[in-house]
Amino acid sequence: MRKILFAAALLATSFTVAVGAGYDTLNVGIQYANDEAWDNAILWLGKALDAGDLLPDQARAAHYNRARAYAGSGRPGAAIPDFNAALAFTPDDVQILTERAFAYVADGHGDQALADLQKVHEKRPKNVRINFLIGLVNWTLGRPDDSARGFADITKDSRSDYAWLWLKLSDAKRKSETGDARAPLSTYYWPGPLVDLYRGKKDEARVLEDVKSYGDSQNCEAIFYIAEWRLVRGDRAGAKPMLQKAVNDCPKTSVEPLMAQQELGKLP
Amino acid sequence: MKRTVSIATAYFLAIATFLPTPLQAADAPSCPLTLYTSLPLTTNPDGRVSVPVTVQDKNYSFLVDTGGAVATIGWDQAEELGLEKKRAGTWLGGVGGRVMNTYITTDRFSLGKLTGSGLEAYVQPRSMDGFDGTLAPDMLKHYDVDLDFAHGKMNLFSQDHCPGKVLYWTKGDYVVLPMQVAPSSHIRLPVTVDGKTIMAIVDTGAVSSIMSMHAANFLGVSEDSPGLKLKTSEGYDRQTRIYSYPFKTLQMGDITVKNPRITVASNEFMGAVGNDMILGMGILRQLHLYIAYKEQKFYITPAGAN
């Protein structure tokens, strides 16, 4: 048996694996994207595409990841051409359509986002997450009746505490109570403190105290949902700094900073 | 946490009516490999790969997950198929905390030219991003699994071949490692990190490589080590902590990976996983892997070797 002697220097500046240049740089770009090091991801994925030797699937992955990098770094308009390029390879890709919808929302094109999500909904009619996102887009488009109807449907079919939270927000905004929604059974687990806030069983200070025993992402959610609660109750001045904090601190790939940015855009 | 469960016994796909393709191992012209099927890989944005399958004649994309236990299918896909969800005798858990306790049984399942019936697949409680289900060692272990990431192919070969004669894609240098196939069918390999050897699970279902604090301690890294940086802490009272650490080298036989990205996780997290280290796709994508389950050998070349 032959012995071998080679070194694969991964994710180092001296990248020496002997394969097409595009494949090497694609892998570096993927790693940067996984680390949410967006600028480096954009740089290396661009190099991978420029190499011109990627397989079609690898080119799709490069475009898709670069789109995510642009979106993750707050450049949704730049992300959309890359989402389009990725979808040219796989037009019905549920995940890419969903993420392009996020980019459309962030770029102020709610109707195009809704079109993407409706296409996904046709393929996955029982997917709670997609129906939830359709509700959120309707919310951003200023259609609380539509969003309330969508969130209410979700709560009938499944236990989604977040859908219940958004139903409460939608109802508050349209000043009408949805009667047949199924309320969360327990508030022991997250987002229980937020459910208690919306039910009037806890105040904001107590929620912010409770969230300390959870993690960073729950803290971010608490700030965002308290801000939304303030907004629907007319406290714009009180909501604004919390929305800004959600934009600044929440993971860029989560829903909250996107929604917070939309709300801030509507405030004077 | 990935547990072997009782519902899904080893699942072997029959070869559909076709003539298997003989391939010659590059250094053994008289010792052909029998190719059962060759499947195109789809690259997920995080670098993991999936392959096309059909379930009940519907087309899906299943993640290749050597770190799994049994096949799984997404909730939406199980709903779409309309198959009865049955309560499993025991539950299956995965990294990320998803608990699966229902399964479906398919009448028709195919993987390229391989077909079968009666596949039992656990139902994921939520949708999965980018793929519809997972292929796990309960099925894969009946074949030699050839993962050619650079050329976008997964090949399944017959395990009936001359010992060691599998290097059909290269006449160049290669590494062959002895591998243990655990009762869970997970692949365990010796890897050497910064000069000390530990056992790692080869997990194509893991985005990145991860090591327990216990193993890190063995390597001389402690919570007080200057290079150890807390990346995130999660869970109740933030007991689960994830760190980065600047490991210098990871060796698999004569392959040396410089500056390997290996995350260190608190023992609470890795205790649930049940292993000291997971070798994930961040590293594996750089290689061409040939997993000879029956022979218990793991062959490696650089990804683009030919």
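Residues numbered from 1 in each chain as written. Chains lettered and ligands numbered in written order. Predicted model: local features only at pLDDT ≥ 70, side-chain atom pairs only at ≥ 80, totals over all residues.

## Here we look at the packing of helix H3 (residues 56-72) of chain A against helix H4 (residues 76-89) of chain A
Residue and element names in this part refer to chain A.
Okay, so step 1: Closest axis-to-axis distance for the H3/H4 pair is 8 Å, and the angle between their directions is 160°. With respect to H4, the element H3 is oriented roughly antiparallel. Handedness of the H3/H4 crossing: left-handed. Residues Pro-56, Arg-60, His-63, Tyr-64, Arg-66, Ala-67, Tyr-70 and Ala-71 of H3 form the contact with H4, whose own contacting residues are Pro-76, Ala-78, Ala-79, Asp-82, Phe-83, Ala-85, Ala-86 and Phe-89.
Okay, so step 2: Tallied by class, residues from the contact of H3 with H4 come to 12 nonpolar, one polar and three charged. (Axes fitted to C-alpha atoms, helices over the stretch in contact; angles between N-to-C directions. Helix = DSSP H or I, 4+ residues; strand = E, 2+ residues; numbered from the N terminus. Parallel < 35°, antiparallel > 145°, perpendicular 65-115°, else oblique. Left-handed = near helix turned anticlockwise from the far one by under 90°. Contact = placed C-beta atoms within 7 Å. Nonpolar A, V, L, I, M, F, W, Y, C, P; charged D, E, K, R; others polar.)

## Quick word on helix H5 (residues 94-106) of chain A
Residue and element names in this part refer to chain A.
Okay, so step 1: Over its 13 residues, H5 runs 19 Å from end to end, which matches the ideal 18 Å to within 8%, given 1.5 Å per residue.
Okay, so step 2: Looking only at H5, the buried set comprises Val-94, Ile-96, Leu-97, Thr-98, Glu-99, Arg-100, Ala-101, Phe-102, Ala-103, Tyr-104, Val-105 and Ala-106.
Okay, so step 3: Those residues of H5 hidden inside the fold are in contact with H3, H4, helix H6 (110-123), helix H7 (128-140) and helix H14 (255-266). (Expected span 1.5 Å × (residues − 1). Buried ≥ 20, exposed ≤ 12 C-beta atoms within 10 Å, placed from the backbone.)

## Some remarks on the pairing of strand E25 (residues 262-265) of chain B
Residue and element names in this part refer to chain B.
Okay, so step 1: Where strand E20 (residues 209-212) meets E25, four bridges bridge the pair, whose relative direction is parallel. Bridge pairing in E25 links Ile-210 to Thr-263.
Okay, so step 2: When strand E22 (residues 240-244) meets E25, the two strands line up antiparallel, connected through three bridges. Paired with Ile-242 across the bridge in E25 is Ala-265. (Pairing = 2+ DSSP bridges.)

## Remarks on unusual backbone geometry
Okay, so step 1: Cis geometry is adopted by the peptide bond preceding Pro-191 of chain A, which originates at Trp-190 of chain A and carries an omega value of 10°.
Okay, so step 2: Topologically, Pro-191 of chain A is positioned in the loop between helix H9 (161-174) and helix H10 (192-199).

## Details of the packing of H7 of chain A against H9 of chain A
All names here are of chain A.
Okay, so step 1: Two elements in contact, H7 and H9, have axes whose closest approach is 11 Å; the angle formed by their N-to-C orientations is 20°. When the axes of H7 and H9 are compared, the pair comes out roughly parallel. As for how H7 packs across H9, the hand of that crossing is left-handed. Packed against H7, whose contacting residues are Phe-132, Gly-135 and Trp-139, the element H9 presents Tyr-162, Ala-163, Trp-166 and Ser-170 at the interface.

## Description of the nonpolar core
Okay, so step 1: Within the largest apolar cluster, 174 residues are counted, with the highest numbers of intra-cluster contacts made by Ala-227 and Ala-246 of chain A.
Okay, so step 2: Other than its neighbours up to four places away in sequence, Ala-227 of chain A contacts Ala-239, Met-242, Leu-243, Ala-246 and Ala-260 of chain A. (Core = buried A, V, L, I, M, F, W, Y, C linked by C-beta atoms within 7 Å.)

Interpretation in functional terms is not warranted from these geometric data alone.
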